[in-house]
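# Observations on the model geometry
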Amino acid sequence: MTERSHVKLLIIGSGPAGYTAAVYASRAMLEPMLIQGMQPGGQLTITTEVENWPGETEIQGPELMVKMEAHALAMGADVVTDMVTRLDLSSRPFTAECDSGRVVRADAVILATGAQARWLGLPSEEKYKGFGVSACATCDGFFYRNREVIVIGGGNTAVEEALFLTKFASKVTLVHRRDSLRAEKILQHRLLNHPKVEVIWNHELAEVTGAETPMGVSGAVLRNLLDGSTRQVAADGIFVAIGHAPASELVKDQLELHNGGYVKVEPGSTRTSIPGVFAAGDLTDHVYRQAVTSAGMGCMAALDAEHFLAAQDGVETAPEQLVASIA
Ligand code: NDP
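Rules behind the numbers
Residues numbered from 1 in each chain as written. Predicted model: local features only at pLDDT ≥ 70, side-chain atom pairs only at ≥ 80, totals over all residues. Heavy atoms only, no water. Helix = DSSP H or I, 4+ residues; strand = E, 2+ residues; numbered from the N terminus. Rg over C-alpha atoms; globule rule 2.2 N^0.38 Å. Buried < 20%, exposed > 50% of the residue type's maximum accessible area, 1.4 Å probe, protein only. Contact = heavy atoms within 4.5 Å. Areas by Shrake-Rupley, 256 points an atom, 1.4 Å probe, with all protein chains shown as cover. Lys, Arg positive; Asp, Glu negative; His and termini not counted. Charge placed at Lys NZ, Arg CZ, Asp CG, Glu CD. Pairing = 2+ DSSP bridges. Axes fitted to C-alpha atoms, helices over the stretch in contact; angles between N-to-C directions. Phe/Tyr/Trp six-rings, centres within 6.5 Å; stacked < 30°, edge-to-face > 60°. Salt bridge = Lys/Arg side-chain N within 4 Å of Asp/Glu carboxyl O.

### Thoughts on the overall build of the protein chain
The secondary structure content of the protein chain amounts to eight helices and 21 strands. For 327 residues, the compact-globule estimate of 2.2 N^0.38 gives 20 Å, and the protein chain sits close to it at 22 Å. Seen through its principal axes, the protein chain has C-alpha atoms that stretch 70 × 40 × 35 Å. Taking all 327 residues of the protein chain together, 49% fall into the buried category. A separation threshold of at least 6 residues defines the contact pool for the protein chain, and within that pool the share at least 24 residues apart is 57%. A total accessible area of about 15,500 Å² is found for the protein chain, and carbon and sulfur atoms account for 52% of it. Charge centroids of the protein chain, computed over 27 positive and 39 negative side chains, lie 4 Å from each other.

Okay, here's the thing in structure tokens:
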């Protein structure tokens, strides 16, 4: 099916929102095409244990995403490995141009492009990216066996990354800008009781230090936010885990955004500022940002898209009637 150039419904993104939308839209006979993007499976593919997906006490993030893809395929979704590089929402059908040269026109679009890791924006961080500075412990942690690493941040991501790194590193120093963590209590408990972990409170990363030849990190200059003093801490790797920014680049000049780049949807729905364009998951959610809430929004987006397409065909169906027919 992947050669189709015109589809009723195009889903962009392959995290929990995208795959859930694909499952529901397939079951509604919309024959959706889902374009996976640069990181098939999204952010969960670079996490380890997931302990809050209902029905799975513990599952690896990548395994969960493989299951979601398999589910979407089994329902008949057309899952395409490609990346949308340009999206024209100025007229319907909407047009998506992909990295491979593929051009797809779609009567309705569900945006589920998620979010990407944020960086601090320091020149030294940029300089050593890939040479000791990383935003993904799951990807790069293995290189730090018996070495010392620093993690920056105080949310769930930072604490999970720090705990994951204890499997390899001899010491993990978590640096946080305040004196309390934002992460879930259970994660905080594990972190603060871990023998390999030290937490440095009320500090920020001022500079990454390192060598030119061979290129590599040797440590960090940390700034005390209470008195302005600085100190040098030795480390072989620095993991930046300060949250995520929505991946709204494709639509930033076309759709209404808010809260620093998140796609705005009508409250209680996934409808964006352009009829026929729906948004779900981390791209639109700056509050909850959980796999399970993203999946829920993916479901809503498929129902909203089905309602929209039915109205275009002259068949008026309210979303609540669709829920009854799909269930
Ligand atoms: P969060 O936004 O929750 O946390 C970001 C952390 O980085 C905060 O502690 C923040 O500090 C700190 N920070 C932000 N900007 C800077 C800066 N410029 N300098 C220094 N520190 C900074 O992001 P996460 O990626 O941790 O989590 C995102 C969402 O995903 C959350 O809803 C989280 O619950 C969820 N998540 C859930 C997981 C799970 O359930 N297993 C796993 C991972 C994420 P401060 O606290 O001072 O604001």
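### Considering the sheet that holds strand E12 (residues 171–175)
Taken in spatial order, the five strands make up an open sheet running E10-E17-E11-E12-E13, and their pairing is parallel. Each edge of the open sheet is held by one strand with a lone partner, namely strand E10 (133–134) and strand E13 (197–200). Relative to strand E11 (residues 148–152), helix H5 (residues 156–165) is tilted by about 170°, and along the sheet it contacts E11, E12 and strand E17 (237–240).

### Let's talk about the packing of aromatic side chains
As enumerated under the stated definition, the model contains five aromatic pairs in all. With 6.5 Å between their ring centres and 70° between their planes, Phe142 and Phe143 make a pair best called edge-to-face. In this pair, the class of Phe142 matches that of Phe143, namely exposed. Summarising the aromatic geometry, the rings of Phe142 and Phe168 are spaced 6.2 Å apart at their centres and angled 80° between planes, so their arrangement reads as edge-to-face.

### Regarding the pattern of salt bridges
Two side chains that carry opposite charge are able to pair once their charged atoms sit near each other. One pass over the structure, following the stated rule, counts 13 salt bridges. Measuring nitrogen to oxygen at the nearest pair gives 3.3 Å for the salt bridge that ties Arg190 to Glu51. In this pair, Arg190 is assigned in helix H6 (residues 185–192) and Glu51 in the loop between strand E3 (49–50) and strand E4 (59–60), connecting sequence segments 139 residues apart.

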